[in-house]
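Structural description and commentary
Each chain, written out:
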Amino acid sequence: MTSIYDETRNLFLLEAPELLENIERDLLNLKEDRSPAKVHNLMRMTHTLKGAAACVGLETIKTVAHSLEDAFKALYNPDVVIDPELESLLFQGYECLRLPLTAEFTDTPIDEAEVLNRAAGVFTSLQGKLGDLFDNQAQIPSSAELGFDITQSIFETGVSKRLKDLAAALEHSQTAEIASLLQEQATVFVGLAESLKLPGFGAIASTILQALQVRPNEVISIAQIALADLEAAQAVILAGDRDRGGEPSAALQALAANDNQQDLDLPDLSLLEQLGDDLESQLPNSLEETEFALELNDTWDFSPESMEQVFGSLPLETAPEVAANSEVNLPTLNSTSERPKEQATPNPTVRVEQLKLARLNQLSGELLTNQNHQFAADEQIQATIQKLQQQLSQHQKVLTQLRDWSDMLTIEMEQPVATDTERLHNLQQSFTSEFQQLLNSAWDDTIQMEETLEETGLFSSKSSQILEKQQRLLTSVRDDLLSAQMSPLGEIFSRFERVLQQLSSVHGKQAQLEISGTEVLIDKAIAQKLYDPILHLVRNAYDHGIESAQQRLQLGKSEQGQICIQAYQQERWTVIAVSDDGKGLDFEKIGERALEVNLIAPEQAESLTEEKLIDLLFTPGFSTVAQVSDLSGRGVGLDVVRSQIESLQGQISVRSQPQQGTTFYLQIPVSLKIAKVLTVQVGDRAYGFVAEAIERILLPQPEQINQWQSGQRVMQWQEDEQQYSVPVYKLSHIVQHSSLAKASQQPSPLLLIQHQEEVIGIEVDRVIGEQELVIRPVGEIINPPSYVLGCCILADGSLTLMLDSTELITQLPKQKGIDSEPTKAILPAPVGNTESIGTAQILVVDDSVTVRQNLAAVLQKAGYQVWQAKDGTEAIATLEQYPKIKLIISDVEMPGMNGFKFLSHRSAHPAWQKIPVIMLTSRSSEKYQQIAFELGANGYLTKPYLDREILNAVTNAIAA
């Protein structure tokens, strides 16, 4: 049975790759587009990764993400210049996050202590570069940064409620209770005034506290005057005053006057002492700096320039303060981190766009409708055929009568001629009348059958049209399914151009990236695992392949190096070639290094071929450089690249020419389902080839085929004034197929197949034709030869084997002497059973699917019914549809409508005000808690959380 941990981890593995890719994309473009929105997105995504990693116990990822989040936060300050050094450090910090995440994605071991030690060095350098900005305290967002008037919302909700409580206490409570409540409220108001920059309102609150201190026996009078002053201040603030917020009245000041000039012993306000100053630092200073947009609400004073992200460019909370010259304290973990010993292997998953799923759903409906039309057309055809059979039967009866009449006439004619003229005349009339009737009947039957045949033709034509439409619909379904399952390699390749630009900027060597084959499709699940090996090869090419500008000029090369990534399909393989025009592999150096590390014995060194030397490159831990570089291998060799490719059932090969460059070929198998198949016949059997693998089909003349002394048959072929010698092999000999069929004296068709730089001719008996067929696996019971791709069922129901031409050629005998010359917010689906289970319904609001699902699993296990929403907008839609929700658990930072904005929306809705809200966030600062409570939150918990803590809070909130 799958545990909650396993399910949550699977969701994390589904969510994290997209977050990581988005972080890299924004980081690559950060220097050119350093907007508050970009910085906020970087912080929010690392923050989400941190929270999701904490949910599944990935402490290394959580720790590194937290430090990277702090580094991104410092970029809010416009004084920070993103120079090459800072850009390189940010990328190194990203690498420290990517490495442990990639290990989780690929389920490969990694030394977490080494990752943390490396991260400590990177973030210490970042701290030295950024200074105090690296570790600024978390700050409360201003109205401009939130994108809505937080002052208006707080005074409409939290302050209003506090004033109503004070008024009620004056009517019904005892003096001591009134004094305690008034002091508590005034203390909160002092902090709010400092946070919101309302000195007049703060003066009122401070004067109230002073009056209570000086005249403790006049609590009722102080409370009455204080309430009047506070209500007047609230009125002017709600009317738009953002400069003062009212003033203490003369009566209140008189009550606060101290004739003895005693020193006031005010309560400890350390919680709020820095709120005012914090709002001015680190964050954008104007609405124009925030590029977010929020939905307008008539009851709030929203700013039109800042309406997309509720939280705007809010900086995230940092770790405890660290001195500028000290090291970042990152916990050290060994490779056996605190995780369950046994982890369920996650099922491969891919993300599919909702529009594609909607189109597939629409096409399935059209297929059903079309199938109903086909059934109706078939019934009409069957009815006309039955009608035609009846007419044919009737026609046969008439013809039988005509035959009988003809026989009778013959007998009558053979009898003696009658002398009775009248009798003869009557007999003639009788015969003539009956004959005429039979002829008319036969003619009518013929006309009816012609009409019925015409109807049958019409119905048959209609049926053909329906079948054609069915074929088009099936093609559309197939294409859409392929699009949902596959993605173009261009989505991966496009990420490397900026990587190379960044490498050139930091390390000085100039190199240009050329990309081709971006339209080649590959399985999305495979695409996620290709980025790392290709990135390693690109960096390797830049580091070890491309020479310096001076060296290139001396060699007669262009000053700028060239790195190429090319993709193409080769039958069942997707081939990705990563090449450079650098110095090529130094085979002598590889051999010397292998001797140094004792990979080979001295007597083996001289006999090593280039193929064996290349193979040494993939030995674990082998590198031609003596010192680990942060640029290419970073201490990780090509053996990791090979293992990653082999985990995809792929292959890797290398070609290199001195001073011309090196090319790495990655071959990834394509899981063919439907393909155009060229069917051929050999003897009494049919075989299939993927049509794209066949370069040409020829019918050579006998004089074009020669046989050499070795027995090898060769076709002399001329094209474009060039002469080719093409070796010819019989397919029957390759597959060892014997047949009793007599050999034909006619020329046999020849299939020309390109294999690397060689052209091969495969001789078959007959070419049947080309058609789209479904390729099915042979099955595990049979162990077919390596050149068998699968099998197909032909239109006549017969079975044919699919052959892999590339693998087939490797089976050929090597011959000598042959010269041969690739939105609107959508309501989320509920979790679990949608029927009421008789327990409380809870709404979980968080942008991380990992956090949502983990929390939902905990709550469902406790018997609650759970609904989910990814932000405040979806939460509102869910509340409108499911009014019986009893509790809301919400994050603070979310894209779209964040937690603070959602609280304001909730307060404006009378029915929703009664639903308790628990804020669940990684923001542990008391400043955030105060804002949340003033906006109407009923509870505040921080991540990571204990299941027991959550359940206790839920129970108490619902009971209250």
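Residues numbered from 1 in each chain as written. Predicted model: local features only at pLDDT ≥ 70, side-chain atom pairs only at ≥ 80, totals over all residues. Heavy atoms only, no water.

Turning next to the overall build of the protein chain. Per the secondary structure count, the protein chain includes 30 helices and 23 strands. Taken across its 960 residues, the protein chain has 48% of its residues classed as buried. In the form shown here, the protein chain has an accessible surface area of approximately 48,400 Å², with 49% of it arising from carbon and sulfur atoms. (Helix = DSSP H or I, 4+ residues; strand = E, 2+ residues; numbered from the N terminus. Buried < 20%, exposed > 50% of the residue type's maximum accessible area, 1.4 Å probe, protein only. Areas by Shrake-Rupley, 256 points an atom, 1.4 Å probe, with all protein chains shown as cover.)

One side chain can pair with another of opposite charge once the charged atoms of both are near each other. Counting across every chain of the model gives 23 salt bridges. Between K50 and E69 there is a salt bridge whose closest N-O contact spans 3.0 Å. With a gap of 19 residues between them, K50 in helix α2 (residues 36-55) and E69 in helix α3 (residues 59-73) connect regions that are remote in the sequence. The pair K50 / E69 is uniform in exposure class, with both members buried. For the salt bridge of E85 with K129, the shortest nitrogen-to-oxygen distance reads 3.1 Å. Of this pair, E85 sits in helix α4 (residues 84-106) while K129 sits in helix α5 (residues 112-130); the two residues are 44 residues apart in sequence, bridging distant segments of the chain. By relative accessible area, E85 is classed as partly exposed at 48%. Salt bridges sharing common partners tie together E95, R98, D532 and R539. (Salt bridge = Lys/Arg side-chain N within 4 Å of Asp/Glu carboxyl O.)

A few words now on the pairing of strand β19 (residues 841-845). Counting buried positions along β19 yields five of five residues, so the element is predominantly enclosed. Covered by surrounding structure in β19 are Q841, L843 and V845 together with I842 and V844, the residues of both alternating faces. Of the strand pairs in this sheet, β19 and strand β20 (residues 865-869) are connected by five bridges, and their pairing is parallel. Of the residues in β20, the one forming a bridge with Q841 is Q865. Where β19 meets strand β21 (residues 885-890), five bridges bridge the pair, whose relative direction is parallel. Considered in β21, the bridge of V844 is made with I889. (Pairing = 2+ DSSP bridges.)

Apart from glycine, the bulk of residues carry a negative phi angle, and the bulk of peptide bonds sit in the trans form. One non-glycine residue with positive phi stands out, namely Q659, at about 65°. Tracing the backbone shows Q659 in the loop between β6 (651-657) and β7 (661-669). Exposure remark for Q659: the relative accessible area of 40% places this residue in the partly exposed category.

Note: strands within a sheet are paired through backbone hydrogen bonds, in either parallel or antiparallel orientation. Pairing within the open sheet is mixed, and its five strands lie in the order β2-β4-β5-β7-β6. In this open sheet, the two edge strands, each paired with only one partner strand, are β2 (511-516) and β6. Across the sheet, the mean angle from the axis of one strand to that of its neighbour is 15°, orientation sign disregarded. Alignment of strand β4 (residues 561-570) against strand β5 (residues 573-580), held across eight bridges, turns out to be antiparallel. Residue pairing across strands places I565 opposite V578, the latter belonging to β5. Its contacts with the sheet put helix α17 (residues 524-545) on β2, β4, β5 and β7, and the angle it makes with β5 is roughly 20°. (Axes fitted to C-alpha atoms, helices over the stretch in contact; angles between N-to-C directions. Contact = heavy atoms within 4.5 Å.)

All right, on to the confidence of the model for the protein chain then. Per-residue confidence for the protein chain gives a mean pLDDT of 75; residues scoring 70 or more make up 75%. Here helix α13 (residues 275-278) stands out as the least confident element of the protein chain, with mean pLDDT 40; β21 is the most confident, with 93. Here residues 261-345 is modelled with pLDDT under 50, and outside its nearest four sequence neighbours on either side it reaches 251 contacts, counting other chains as well. Counted against residues more than four places away or in other chains, residues 815-838, with its pLDDT under 50, gives 44 contacts. (pLDDT = per-residue confidence, 0-100.)

Here the focus is the packing of α4 against α5. Put simply, α4 and α5 touch, their axes get as near as 10 Å, and they point 155° apart. When the axis of α4 is compared with that of α5, the two are roughly antiparallel. Pair α4 / α5 crosses with left-handed handedness. Contacts between α4 and α5 involve E85, L86, L89, L90, Q92, G93, E95, C96, L99 and P100 from the former and V115, R118, A119, V122, F123, S125, L126, K129 and L130 from the latter. (Parallel < 35°, antiparallel > 145°, perpendicular 65-115°, else oblique. Left-handed = near helix turned anticlockwise from the far one by under 90°.)

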